[in-house]
Amino acid sequence: KAGVTQTPRYLIKTRGQQVTLSCSPISGHRSVSWYQQTPGQGLQFLFEYFSETQRNKGNFPGRFSGRQFSNSRSEMNVSTLELGDSALYLCASSLRQLAGPEDQYFGPGTRLLVL
Amino acid sequence: GQSLEQPSEVTAVEGAIVQINCTYQTSGFYGLSWYQQHDGGAPTFLSYNALDGLEETGRFSSFLSRSDSYGYLLLQELQMKDSASYFCAVPSLAGKSTFGDGTTLTVKP
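Residues numbered from 1 in each chain as written. Chains lettered and ligands numbered in written order. Predicted model: local features only at pLDDT ≥ 70, side-chain atom pairs only at ≥ 80, totals over all residues. Heavy atoms only, no water.

Draft legend 1. Layout of the overall build of chain A. Across its full length, chain A holds 0 helices and 11 strands. Going residue by residue from the N terminus, the α and β elements of chain A occur as β-β-β-β-β-β-β-β-β-β-β. Computed over its C-alpha atoms, the radius of gyration of chain A comes to 13 Å, within 12% of the 13 Å expected for a compact globule of 115 residues. Dimensions along the principal axes, computed over C-alpha positions, put chain A at roughly 40 × 25 × 25 Å. Out of the 115 residues belonging to chain A, those deemed buried represent 49%. Counting contacts in chain A only where the partners sit at least 6 residues apart, residues at least 24 apart contribute 55% of the total. Carbon and sulfur atoms provide 49% of the accessible area of chain A, an area that totals close to 5,400 Å². In chain A, the 12 positive side-chain charges and the 7 negative ones have mean positions that sit 5 Å from each other. (Helix = DSSP H or I, 4+ residues; strand = E, 2+ residues; numbered from the N terminus. Rg over C-alpha atoms; globule rule 2.2 N^0.38 Å. Buried < 20%, exposed > 50% of the residue type's maximum accessible area, 1.4 Å probe, protein only. Contact = heavy atoms within 4.5 Å. Areas by Shrake-Rupley, 256 points an atom, 1.4 Å probe, with all protein chains shown as cover. Lys, Arg positive; Asp, Glu negative; His and termini not counted. Charge placed at Lys NZ, Arg CZ, Asp CG, Glu CD.)

Here is the structure:
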């Protein structure tokens, strides 16, 4: 079974631009969570979607948004990019609505560099 | 709010045993999980303790004491490939986990 895939894997943007990142969960998984990881830092929770509904949101400005499609694929968008948005963006998928951590699988991430 | 504290770096030699501690402060607690992340890679799940005590999975063990808000990951018979970052995390409902800042483990020959 294919794992979680994220595209693109690497991205370079300039300040003020916007970016869209994509996450395809494991087949059959309906929950997708997004995290931001900056160098030397832990993962910061962005948001989580289940069956196209955002169930939870982290403490990020409104420039960060996301959505989930009927096939469970998810996208996140960052508008008006800032230098501090440079990070590894990870998504994780799980099958059940209240999945434990043992049932959550991370993708390889999209590494975003803002110049 | 929730916060987790873990050491930023640990160094050990091949074949040794190393313990990575994690203390947490949470408003709601469902358990403590551990992840491994190699440089540039995805975090991979290692273990989850919902109850007090020791969970063993091969060379890795994880311990939880809910009364002390404390847990640790124990790595035995260290190998070079164990060099990575290790994160403790507290999962909550609705797909969110709060992670510590990670411990970078360096295994030396």
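Once you've had a look at it, read on.
Draft legend 2. Summary view of the sheet that holds strand E1 (residues 3-5) of chain B. All names here are of chain B. With antiparallel pairing, the 5 strands of this open sheet are ordered in space as E1-E3-E8-E7-E6. For this open sheet the edge positions go to E1 and strand E6 (53-57), each flanked by a neighbour on one side alone. Between one strand and the next, the sheet's axes are offset by a mean angle of 20°, whatever the strand orientation. Summarising the sheet, strand E3 (residues 18-25) and strand E8 (residues 70-75) pair through 6 bridges and their orientation is antiparallel. Bridge assignment links Ile-20 to a residue of E8, and that residue is Leu-73. (Pairing = 2+ DSSP bridges. Axes fitted to C-alpha atoms, helices over the stretch in contact; angles between N-to-C directions.)

Draft legend 3. Looking closely at the interface of chain B and chain A. Each side of the interface is counted separately: chain B has 19 residues, and chain A has 22 residues. Summed over both sides, the interface of chain B with chain A buries roughly 1,600 Å², with 57% coming from carbon and sulfur. Linking chain B with chain A are 2 residue pairs in polar contact (both at pLDDT 80 or more), by the criterion used here. Of all the secondary-structure elements, those providing two or more residues to the side of chain B that touches chain A are strand E4 (32-37), strand E5 (44-49), strand E9 (84-91) and strand E10 (97-99) of chain B. Among the elements that line the side of chain B that touches chain A, the one with the most residues is E4 of chain B, at 3 residues. Split into classes, the residues belonging to the side of chain B that touches chain A amount to 10 nonpolar, 7 polar and 2 charged. (Buried area = accessible area lost by both parts, 1.4 Å probe. Polar contact = N/O pair within 3.5 Å; in protein donor to acceptor, adjacent residues only side chain to side chain. Nonpolar A, V, L, I, M, F, W, Y, C, P; charged D, E, K, R; others polar.)

Draft legend 4. Structural detail: the environment of Leu-46 of chain B. Residues and elements named next belong to chain B. With respect to the helices, strands and loops of the structure, Leu-46 is situated in strand E5. You can call Leu-46 buried: its relative accessible area is 19%. Those residues in contact with Leu-46 that lie beyond four places of it in its chain are Trp-34, Tyr-35, Gln-36, Phe-60, Leu-73 and Tyr-86.

Draft legend 5. Molecular detail of the side chain of Gln-6 of chain A. Residues and elements named next belong to chain A. Assignment of secondary structure puts Gln-6 in strand E1 (residues 5-7). Looking at Gln-6, its side chain comes within polar contact range of the main-chain oxygen of Tyr-89, at 3.0 Å. Of note is the side chain of Gln-6, whose polar atom sits 2.9 Å from the backbone nitrogen of Gly-109. With near-sequence residues (within four places) excluded, Gln-6 lies in contact with Ser-22, Cys-23, Trp-34, Tyr-89, Leu-90, Cys-91, Gly-107, Pro-108, Gly-109 and Thr-110.

Draft legend 6. Examining unusual backbone geometry more closely. Residues and elements named next belong to chain A. Thr-7 connects to Pro-8 through a cis peptide bond whose omega is -10°. On the secondary structure map, Pro-8 appears in the loop between E1 and strand E2 (10-13). In this structure, Glu-52 takes a positive phi of about 70° despite not being glycine. Positionally, Glu-52 belongs in the loop between strand E5 (43-50) and strand E6 (53-57). Given the relative accessible area of 47%, Glu-52 is considered partly exposed.

Draft legend 7. Representation of the pattern of salt bridges in the model. Across all of its chains, the model carries 6 salt bridges over all chains by this definition. Residues joined by salt bridges that share partners form a network here, namely Arg-63, Glu-82 and Asp-85 of chain A. (Salt bridge = Lys/Arg side-chain N within 4 Å of Asp/Glu carboxyl O.)

Draft legend 8. Focus on the environment of Phe-45 of chain A. Residues and elements named next belong to chain A. On the secondary structure map, Phe-45 appears in strand E5. Using a relative accessible area of 6% as the deciding quantity, one classes Phe-45 as buried. The sequence separation of Phe-45 and Gly-58 amounts to 13 residues, and the corresponding C-alpha distance is 5.3 Å.

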